[in-house]
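For reference, the chains in residue letters:
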Amino acid sequence: MNMLELERPGLVTERRGPAERPRRLRATPGLRALIRETELNARDFIYPLFVRHGNGRSEIRSMPGIAQLSVEEAVRETAKAAALGVPAVILFGIPAEKDPVGLENFAPDGIVQQAIRAIKKELPEMIVVTDVCLCEYTDHGHCGILNMGTAGPESRPNKSLPEGYVLNDETLEVLTKVAISHAEAGADIVAPSGMMDGMVGAIRLGLDETGFSNLPILSYSVKYASSFYGPFREAAQGAPKFGDRKSHQMDPANAREALREAALDLEEGADMLMVKPALAYLDVIHLVKEAYPQIPLAAYNVSGEYAMVKAAASNGWIDEVKITLETLTAIKRAGADMILTYHAADAAKWL
Ligand SMILES: [Zn+2]
């Protein structure tokens, strides 16, 4: 039999064009939705709030739409986010007065402690996370106790360390007090952000000893000395009066070091890890998630990222809604299970 007779008319025997056509699955919105790998959800968001004494709101110039809030306003803002499906807020406090140690940070009637109680009273289901650091509370604006003597440079507590160096172990004692005080006020999660060595272990021990062994720790494990925090410093009034944070926060040039920080925090008892900032560090988010797929990972879409979107959008150069959702999707795709973002309430609305 002649082979040619078996051929149906019109059957292509010689290929013209590719066999693999990924575009087949992009042809309609339905197909695209069917094969979508990453789905953003309001449940992924943690909404940062700045609380201060007094009444009303004070808009933050460099972060349009974000304000310093009174306790009452913080409850209102939390309720708004909750109604949109956002499950958690993280609180940052601006104290009435600052001092070298930051005494209001662990005062039972401190601003964050008041806000925790007020939010939990009105919205008991809402998860209240608290930032645990010293920088918003200290008069020098640093994240810890400084190596400073009251009687000149020679009277500094540690002679082997330079004047003004952030003292690690002395700071751990304060961080532990702060975490316990947030727990006593009713916080659901404490989130130490100071990048002190041993901070998670110290806080874990302190919480366990005071009856809070079930309170989770979300550690800012991998926090970079980043310029993307600029607008936050206006928002939280926590800019260092001199120097910078390079002696404790990570060098933006390093990625592998992130694994060391994450490993130490997990050994010390961290329940969840965080990478901060997010957008310029998607590779780091991916790296940490690959190394610890079993550990919930947060990423902080920081103030500078927010401000850049707002500034460009207000000039009509970008589409705020699309850029924001694309950015948040990218952060999740990189490996973040949850995202701290100033866009939380808006993004929840836009989804
Ligand atoms: Zn700090």
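I will try to describe carefully the structure that is included in this document.

The rules behind the values
Residues numbered from 1 in each chain as written. Predicted model: local features only at pLDDT ≥ 70, side-chain atom pairs only at ≥ 80, totals over all residues. Heavy atoms only, no water. Helix = DSSP H or I, 4+ residues; strand = E, 2+ residues; numbered from the N terminus. Areas by Shrake-Rupley, 256 points an atom, 1.4 Å probe, with all protein chains shown as cover. Lys, Arg positive; Asp, Glu negative; His and termini not counted. Charge placed at Lys NZ, Arg CZ, Asp CG, Glu CD. Axes fitted to C-alpha atoms, helices over the stretch in contact; angles between N-to-C directions. Contact = heavy atoms within 4.5 Å. Nonpolar A, V, L, I, M, F, W, Y, C, P; charged D, E, K, R; others polar. Expected span 1.5 Å × (residues − 1). Buried < 20%, exposed > 50% of the residue type's maximum accessible area, 1.4 Å probe, protein only. Pairing = 2+ DSSP bridges. Polar contact = N/O pair within 3.5 Å; in protein donor to acceptor, adjacent residues only side chain to side chain. Patch = residues over 30% accessible without salt bridge, like charges linked within 9 Å, V, L, I, M, F, W, Y side chains within 5 Å. Salt bridge = Lys/Arg side-chain N within 4 Å of Asp/Glu carboxyl O. Core = buried A, V, L, I, M, F, W, Y, C linked by side-chain atoms within 4.5 Å.

**What about the overall build of the protein?**
Then comes step 1: A tally of helices and strands in the protein yields twelve helices and twelve strands.
Then comes step 2: When the accessible surface of the protein is totalled, it reaches about 17100 Å², and 53% of it is carbon and sulfur.
Then comes step 3: Here the protein holds 37 positive side-chain charges and 47 negative ones, and the gap between their average locations is 8 Å.

**As for the packing of helix H9 (residues 282-291) against helix H11 (residues 320-334)**
Then comes step 1: Put simply, H9 and H11 touch, their axes get as near as 8 Å, and they point 35° apart. Taken together, the residues of H11 that come into contact with H9 (itself represented by Leu 282, Ile 285 and His 286) are Ala 330, Ile 331 and Ala 334.
Then comes step 2: Along the lines of polarity and charge, the residues of the contact of H9 with H11 split into five nonpolar, one polar and no charged.

**With respect to helix H4 (residues 111-122)**
Since the α-helix packs 3.6 residues into each turn, any two residues three or four apart lie on the same face.
Then comes step 1: Taking 1.5 Å as the rise per residue, H4 with twelve residues should run 16 Å; its terminal C-alpha atoms sit 17 Å apart, in good agreement.
Then comes step 2: When we look at burial in H4, the residues that qualify are Ile 111, Val 112, Gln 113, Ala 115, Ile 116, Ile 119 and Lys 120.
Then comes step 3: Taken together, the buried residues of H4 touch strand S1 (45-52), helix H3 (71-83), strand S4 (88-94), strand S5 (127-132) and helix H5 (168-185).

**Points about the pairing of strand S9 (residues 218-223)**
Then comes step 1: Burial analysis of S9 places six of its six residues in the buried class, the great majority of the element.
Then comes step 2: Sheet topology places S9 next to strand S10 (residues 272-276); four bridges connect them, and they run parallel. In the strand pairing of S10, Ser 219 is matched with Leu 273.

**Observations regarding the side chain of Asn 301**
Then comes step 1: Here Asn 301 is to be found in strand S11 (residues 297-301).
Then comes step 2: On the basis of relative accessibility, which here comes to 5%, the residue Asn 301 falls in the buried class.
Then comes step 3: Separated by 2.8 Å, the side chains of Asn 301 and Thr 341 make a polar contact.
Then comes step 4: When neighbours within four sequence positions are excluded, Asn 301 is seen to be in contact with Ala 278, Thr 327, Leu 328, Ile 331, Ile 339, Leu 340, Thr 341 and Tyr 342.

**With respect to a negative patch on the surface**
Then comes step 1: Together, Asp 169, Glu 170, Glu 173 and Asp 197 make up a region of like negative charge exposed at the surface.
Then comes step 2: Assessed through its relative accessible area of 36%, Glu 170 is described here as partly exposed.

**Examining the environment of Glu 122**
Then comes step 1: Of note, Glu 122 is situated in helix H4.
Then comes step 2: Residues Glu 122 and Ala 185, 63 residues apart in the sequence, show an inter-C-alpha distance of 14 Å.

**Quick word on the nonpolar core**
For soluble globular proteins, nonpolar side chains are generally found buried alongside one another.
Then comes step 1: Residues Phe 45, Tyr 47, Phe 50, Leu 91, Ile 285, Val 288 and Tyr 300 are the most contacted members of the largest nonpolar core, which totals 102 residues.
Then comes step 2: Here this core takes eight residues from H5, the largest share from any one element.
Then comes step 3: If sequence neighbours within four positions are ignored, Tyr 300 has contacts with Pro 48, Phe 92, Tyr 220, Phe 232, Met 274, Val 275, Lys 276, Pro 277, Ala 278, Glu 305, Leu 340 and Tyr 342.

**So, a nonpolar patch on the surface**
Then comes step 1: A surface patch of nonpolar side chains, about 300 Å² in accessible area, is lined by Leu 25, Leu 34 and Ile 35.
Then comes step 2: With respect to the helices, strands and loops of the structure, Leu 34 is situated in helix H2 (residues 29-34).

**Remarks on H11**
Then comes step 1: With 15 residues, H11 should reach 21 Å at 1.5 Å per residue; the first-to-last C-alpha distance of 21 Å fits that figure.
Then comes step 2: Where H11 is concerned, the buried positions are Glu 320, Thr 324, Leu 325, Thr 327, Leu 328, Ala 330, Ile 331 and Ala 334.
Then comes step 3: Looking at the packing, one finds that the buried side of H11 touches S1, H9, S11, helix H10 (303-314), strand S12 (338-341) and helix H12 (344-350).
Then comes step 4: Of the residues that open H11, the one with a side-chain oxygen 3.1 Å from the backbone nitrogen of Val 321 is Asp 319.
Then comes step 5: Downstream of H11 by one or two residues, Gly 335 has phi in the positive range, about 140°.

**Notes on the environment of Glu 59**
Then comes step 1: Looking at where Glu 59 falls in the secondary structure, it is placed in strand S2 (residues 57-59).
Then comes step 2: Residue classification places Glu 59 among the exposed positions, given a relative accessible area of 53%.
Then comes step 3: When the C-alpha atoms of Glu 59 and Leu 69 are compared, they prove to be 8.7 Å apart, with ten residues separating the residues in sequence.
Then comes step 4: Not counting chain neighbours up to four residues away, the residues in contact with Glu 59 comprise Gly 65, Ile 66 and Ala 67.
Then comes step 5: Looking at Glu 59, its side chain comes within polar contact range of the side chain of Arg 57, at 3.4 Å.

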